[in-house]
Amino acid sequence: SDALNSCKCLAGYSGVSDGAACSSCDAGTYKPVTGAGSCEACPSNTVASEGSDALIDCKCLAGYSGVSDGAACSSCDAGEYKAATGTGQCSTCPAGTSSASGSDALNSC
């Protein structure tokens, strides 16, 4: 088509209307559909990279655990840590050590 309003933002990009300039979704947000519209915030304690186009792109932050990508994540308890982003359980600190809740590294113990 030759009409400017036939141009639509791709998934992962937001714009105020069809035919207008599009911007990639900021980190921590996503947009799963094409066309005009805003990016949606990821669930609590998750992050997605810039330009994400699906809820499952939202991954648990380090220091937080969850059972699936795209779902809210919970802080690691005191005495636990989780260094990686994404799903997975928190690890227990070595015997005789502890950490604050939400710790994201073994050396936090």
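Residues numbered from 1 in each chain as written. Predicted model: local features only at pLDDT ≥ 70, side-chain atom pairs only at ≥ 80, totals over all residues. Heavy atoms only, no water.

Some thoughts on the overall build of the chain
Argument step 1. The helix and strand inventory of the chain stands at zero helices and 10 strands.
Argument step 2. Tracing the chain from N to C terminus, the helices and strands come up as β-β-β-β-β-β-β-β-β-β.
Argument step 3. Its C-alpha atoms give the chain a radius of gyration of 19 Å, clearly above 13 Å, the size a compact globule of 109 residues would have.
Argument step 4. Projected onto the principal axes, the alpha-carbon positions of the chain cover approximately 70 × 20 × 15 Å.
Argument step 5. When each of the 109 residues of the chain is scored for burial, the buried share is 28%. (Helix = DSSP H or I, 4+ residues; strand = E, 2+ residues; numbered from the N terminus. Rg over C-alpha atoms; globule rule 2.2 N^0.38 Å. Buried < 20%, exposed > 50% of the residue type's maximum accessible area, 1.4 Å probe, protein only.)

Let's talk about the state of the cysteines
Argument step 1. One pass over the structure, following the stated rule, counts six disulfides.
Argument step 2. Note on cysteine connectivity: Cys76 is disulfide-linked to Cys90, with sulfurs 2.0 Å apart. The disulfide joining Cys76 to Cys90 has a torsion of about -85 degrees about its S-S bond and is therefore left-handed. Note that Cys76 is positioned in the loop between strand 8 (74–75) and strand 9 (80–81) and Cys90 in the loop between strand 9 and strand 10 (91–92), a separation of 14 residues in sequence. Note on accessibility: Cys76 and Cys90 belong to one class, buried.
Argument step 3. Once the bonded cysteines of the chain are numbered in order along the sequence, the disulfide links fall as 1-2, 3-4, 5-6, 7-8, 9-10, 11-12.
Argument step 4. Note on Cys7: no disulfide assigned, nearest cysteine sulfur contributed by Cys22 at a separation of 8.5 Å. (Disulfide = S-S within 2.5 Å.)

Thoughts on the pattern of salt bridges
Argument step 1. Counted under the stated rule, the structure contains two salt bridges.
Argument step 2. Where Lys8 meets Asp18, a salt bridge forms, and the shortest distance between an N and an O atom there is 2.7 Å. Taken together, the residues Lys8 in the segment before strand 1 (13–14) and Asp18 in the loop between strand 1 and strand 2 (23–24) connect sequence positions 10 residues apart.
Argument step 3. Using a relative accessible area of 46% as the deciding quantity, one classes Lys8 as partly exposed. (Salt bridge = Lys/Arg side-chain N within 4 Å of Asp/Glu carboxyl O.)

Details of unusual backbone geometry
Argument step 1. Even without being glycine, Asn45 reaches a positive phi, approximately 60 degrees.
Argument step 2. Looking at the secondary structure, you find Asn45 in the loop between strand 4 (40–41) and strand 5 (46–47).
Argument step 3. Classification of Asn45 by relative accessible area gives partly exposed; the value is 29%.

Note that every value here comes from positions in space, so none of it alone points to a role or purpose.
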